[in-house]
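Understanding the architecture of this molecule
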Amino acid sequence: MDKINKKMLILFVVLILIIGFILHFSNRKSKEKIQIVNDNSTFYTVASCASKYISYLSANDTDNLLILLDNKYKKNNSIDAGSIYNYVGILSGNYMFKAKKMYFEKVGKARYKYYVYGVVIENTMDVFDTNEKEYYLIVYLNEKDMTFSIEPYDGEIFNN
């Protein structure tokens with residue numbers, strides 16, 4: 001009976017070690033999938049998608065915002081015209097977006113997910129009033145049919 005308990009204990013420890021290694025390497029692989037965007041053309045293409053979203057948001061253009069929001073995001077949060085601003089926030093005034101940094105990962109055959117960090121700046125006549133606010137978005141870009149969608153983001157990847 002004593003030998004059986006020792007064998008069970010050794011088997012249990014070995015099993016825990018194997019599970020630990022698997023989890024460690026799978027986490028490492030998932031982190032390696034997300035890469036910084038270094039290509040200028042891609043960077044500015046994605047930045048222009050984010051700028052379009054910010055322009056619709058600052059103009060309170062609900063119809064176009066609903067079109068730009070990612071379908072899965074809308075479905076998961078039951079977003080419609082009456083509830084959209086509860087999820088995307090409100091920008092009162094004329095704002096522009098300036099992308100600072102972005103990461104990407106491939107999420108489909110021709111679909112990429114871009115994590116975008118930038119600032120929103122209010123367009124004013126005062127050149128010295130540069131009241132910048134940090135802003136984070138996810139831009140999904142489908143290279144097959146050249147479409148994109150947007151999802152609000154908390155900036156976790158940039159803050160960690």
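Along each chain, numbering runs from 1 in the same order as the chain's sequence is written. At least 70 in pLDDT is required for a residue's local features to be given in this predicted model, at least 80 for side-chain atom pairs to be given and counted, and no such filter applies to totals for whole chains, interfaces and linings, which use all residues. Values shown for side chains rest on all heavy atoms present in the structure; no hydrogens or waters enter the calculation.

**Some thoughts on the overall build of the protein chain**
The condition that has to hold: Only DSSP runs of H or I covering at least 4 residues are called helices, and only runs of E covering at least 2 are called strands; the numbering of each starts at the N terminus. A 1.4 Å probe rolled over the protein chains alone gives each residue an accessible area, and that area as a share of the maximum for its type sets the label: buried under 20%, exposed over 50%, partly exposed in between. The contact definition used throughout considers only heavy atoms, calling two residues in contact when any of these lie within 4.5 Å.
When helices and strands are tallied, the protein chain shows 6 helices and 5 strands. When the helices and strands of the protein chain are listed from N to C terminus, the series reads α-β-α-α-α-α-β-β-β-β-α. Of all 160 residues assigned to the protein chain, the portion counted as buried reaches 34%. Here the contacts in the protein chain between residues at least 6 apart in sequence split such that 53% fall between residues at least 24 apart.

**A word on the pairing of strand β3 (residues 111–122)**
For a regular strand, the rule is simple: side chains alternate between the two faces of the sheet. Rules: Strands are labelled as partners when DSSP assigns at least two bridges between them.
Most of β3 sits inside the fold, with 10 of its 12 residues counted as buried. Bridge count for strand β2 (residues 95–106) against β3 is 11 bridges, and the pairing is antiparallel. Along β3, the bridge assignment pairs Y103 with Y115. Between β2 and β3, which pair antiparallel and follow one another directly, the connecting turn spans 4 residues.

**Some details on helix α2 (residues 40–58)**
The line we're drawing: Expected span of a helix, by definition, is 1.5 Å for each gap between consecutive residues, and there is one gap fewer than residues.
Taking 1.5 Å as the rise per residue, α2 with 19 residues should run 27 Å; its terminal C-alpha atoms sit 26 Å apart, in good agreement. Of all the residues in α2, the buried ones are F43, V46, A47, C49, A50, Y53, I54, Y56, L57 and S58. Of the surrounding secondary structure, the elements contacted by the buried residues of α2 are α3 (62–68), α5 (84–88), β2, β3, β4 (132–142) and β5 (147–152).

**Some words on the confidence of the model for the protein chain**
Parts of the model with low pLDDT should not have their predicted coordinates read in detail. Stated precisely, the cut-off is as follows: For every residue, the predictor reports its confidence as pLDDT, a number between 0 and 100.
Per-residue confidence for the protein chain gives a mean pLDDT of 86; residues scoring 70 or more make up 83%. The least confident element of the protein chain is helix α1 (residues 2–33), whose mean pLDDT is 65; the most confident is β5, at 96.

**A look at the pattern of salt bridges**
Oppositely charged side chains can pair when the atoms bearing their charge come close. The line we're drawing: A side-chain nitrogen of Lys or Arg and a carboxyl oxygen of Asp or Glu constitute a salt bridge if their distance falls within 4 Å.
A full pass over the atoms with the stated rule returns 1 salt bridge. Put simply, D70 and R111 hold a salt bridge, and the shortest N to O gap is 3.2 Å. Within this pair, whereas D70 is found in the loop between α3 and α4 (71–77), its partner R111 is found in strand β3, the two being separated by 41 residues in sequence. Residue R111 is classed as partly exposed on the basis of its relative accessible area, which comes to 28%.

**Re unusual backbone geometry**
At N60, a residue that is not glycine, the phi angle is positive and equals roughly 55°. Positioned with a positive phi, S78 is a non-glycine residue whose angle comes to about 50°. Examined against the element boundaries, S78 turns out to sit in the loop between α4 and α5.

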